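Topology and contacts: notes
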Amino acid sequence: MGKKEKKQKQQQKTSRRGASYYRNEEDEEDYDFNNNYSQSLASSSLSDQEPEHDDSNEEEEKEEEEEEDADDKTASKKGMPSKFLLYQQSVQSPKGDISYLQKFFLLYVGGRLPLHLQEDFCGTALLSTEWLRNDSRRTAVGVDLDLEALNWCIENNINKVGADGYSRISLFHGNVLQPLAAKLVNFESQEIMNSIGSKDCKDDSESNEVKSAVQVGSSTSTDDMYMKRNVQLVPRDIVCAFNYSCCCLHKRVDLVLYFKHVLDVLSKKGGIFVMDLYGGTSSESKLRLQRRFPNFTYIWEQAEFDIIGRKTRISLHFHLQKQQRKLRHAFSYTWRLWSLPEIKDCLEEAGFQSVHFWIRQMPDTEASRRTEGFGAGREIKYEEAMTFEQVDAWNAYVVAVAN
Ligand SMILES: C[S@@+](CC[C@H](N)C(=O)[O-])C[C@H]1O[C@@H](n2cnc3c(N)ncnc32)[C@H](O)[C@@H]1O
């Protein structure tokens, strides 16, 4: 069979949902938190975005199009969209996450609106910037090791929030395990000056005044502002770590240490930590899934699963049809796939008062169950579970409560 015929055959395959790495817009919990929120969460059309199990011969596909350097600077020079933009469009669903964060806060803490968010492992901090949109009293803190992603956020996400966006967000470049050494990213514009406010940083989340997320000592230059050491932040109502970022931490001792740092920044009036996790039988073997978007195809590639270290390597690739280019290994992570009880034990050991699991079954990844998988993903919401029978693929929010 020639290449053209093979391609046609591949295009005729029934598409289906299958990856557990993304949560679609329909995951948004249409939860009416304060009567002005839920219905404004618009759902995007998913008809042209169904994932497909890519069981075709990858090698042939590779020959057809030129592979692109995954380096973002090289890509943008050649007129390619940024890998960060592609990631945000295909992987993230901030409105859905925020809707659940609000629901969890009301359920497990309540009594006030959550206003102050910290997004650990924030990458381009899309969630944080989305958080700022709906209420001008809200502040956000983002932490990540990847300075390029943080800078991309400043240029491409924060600027879309509105005039005061820069003054309500603080991005820190550093390791979540060493928050003392995390360094405030200089916005290098006069916006940073606005963020160095003289506003009070009391734990007063119910106040109606617009707050700055950050306060620094007057003698501190923007070159040496470190989280905790000389930057005073408003205690957080919610800390989150999404897209399986806790799997970047491989040792139990590190996980417990990280959770202790989280507890440390949560408000003494009560707060929650929310992280996500995926699993299921399909998560412990090699897997390649793809999802087609109007202008590109997103591929999730899962390497062999090591049952001793419970580790796997995840690579995200993007194929751009129009440009006939591939951005291979745009993002790669080595993850330890933690189990839910392991996470619960570590959270309790760190000092959290209670831990709750909200789980949803994901569409099946096996080709034989293609049709059922197609329909299943749309309706299913996350539900709190005490027990959950193993399935092919599941996604979970883990909610830890500090009081
Ligand atoms: C899977 S991505 C998640 C990005 C984003 N949170 C999301 O929801 O899509 C993991 C992110 O964690 C960051 N990261 C990994 N280990 C880290 C660490 N120890 N401290 C801070 N950031 C880390 C990486 O740079 C990357 O941006």
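About the cut-offs
- Residues numbered from 1 in each chain as written.
- Predicted model: local features only at pLDDT ≥ 70, side-chain atom pairs only at ≥ 80, totals over all residues.
- Heavy atoms only, no water.
- Buried < 20%, exposed > 50% of the residue type's maximum accessible area, 1.4 Å probe, protein only.
- Helix = DSSP H or I, 4+ residues; strand = E, 2+ residues; numbered from the N terminus.
- Near = heavy atom within 4 Å.
- Polar contact = N/O pair within 3.5 Å; in protein donor to acceptor, adjacent residues only side chain to side chain.
- Areas by Shrake-Rupley, 256 points an atom, 1.4 Å probe, with all protein chains shown as cover.
- Nonpolar A, V, L, I, M, F, W, Y, C, P; charged D, E, K, R; others polar.
- Pairing = 2+ DSSP bridges.
- Expected span 1.5 Å × (residues − 1).
- Contact = heavy atoms within 4.5 Å.
- Phe/Tyr/Trp six-rings, centres within 6.5 Å; stacked < 30°, edge-to-face > 60°.
- Lys NZ or Arg CZ within 6 Å of the ring centre and 35° of its normal.

The name an unreviewed UniProt entry gives the chain is S-adenosyl-L-methionine-dependent methyltransferase superfamily protein, with Salix koriyanagi as the organism.

Our focus in this paragraph is helix α6 (residues 126-133). Counting buried positions along α6 gives seven out of eight residues, so the element sits mostly inside the fold. Three or more residues of α6 are buried, namely Leu126, Leu127, Ser128, Thr129, Glu130, Trp131 and Leu132.

This part takes up the site of the ligand. Taken together, 18 residues sit near the ligand, with Tyr87, Phe121, Asp144, Asn175 and Asn243 positioned nearest. Between the ligand and Tyr87, the relevant distance is 2.4 Å, taken from an oxygen atom to a side-chain nitrogen or oxygen of the residue. Measuring from a nitrogen atom of the ligand, one finds a side-chain N or O atom of Asn175 at 2.9 Å. About the coverage of the ligand: the protein hides 89% of its 600 Å² of free accessible area. Classifying every residue of the shell around the ligand by side-chain character gives ten nonpolar, six polar and two charged.

One ladder, built from nine bridges, connects strand β13 (residues 311-320) with strand β14 (residues 325-336); its direction is antiparallel. The residue of β14 that forms the bridge with His319 is Lys326. The turn linking β13 back onto β14 is made up of four residues, and Gln324 within it adopts a positive phi angle of 50°.

With 14 residues, helix α10 (residues 252-265) should cover 20 Å at 1.5 Å per step; its first-to-last C-alpha distance of 21 Å lies within 8% of that length. Where the residues of α10 are buried, they touch β3 (116-120), β9 (238-241), β10 (271-279) and α11 (340-350).

Turning our eyes to something else, we now look at the sheet that holds strand β15 (residues 354-361). Strand order in the open sheet formed by nine strands is β6-β5-β4-β3-β9-β10-β17-β15-β16, with mixed pairing between adjacent strands. Single-partner strands in this sheet number two, and they are β6 (183-184) and β16 (383-384).

We now examine the packing of aromatic side chains. Overall, the coordinates contain 24 aromatic pairs when judged by the stated rule. Summarising the aromatic geometry, the rings of Tyr100 and Tyr382 are spaced 5.2 Å apart at their centres and angled 75° between planes, so their arrangement reads as edge-to-face. Pair noted here: Tyr100 is in helix α5 (residues 94-108) and Tyr382 is in the loop between α12 (370-379) and β16, with a separation of 282 residues, a long-range link. By the burial criterion, Tyr100 is buried, and Tyr382 matches it. Summarising the aromatic geometry, the rings of Phe273 and Phe352 are spaced 6.2 Å apart at their centres and angled 35° between planes, so their arrangement reads as tilted. One end of the pair, Phe273, is in strand β10; the other, Phe352, is in the loop between α11 and β15, and 79 residues separate them in sequence. For Phe273, a relative accessible area of 0% gives the class buried. On the basis of relative accessible area, Phe352 is assigned to the buried category, the value being 4%. The ring of Trp338 carries Arg336 above its face, with NZ or CZ at 3.8 Å from the centroid.

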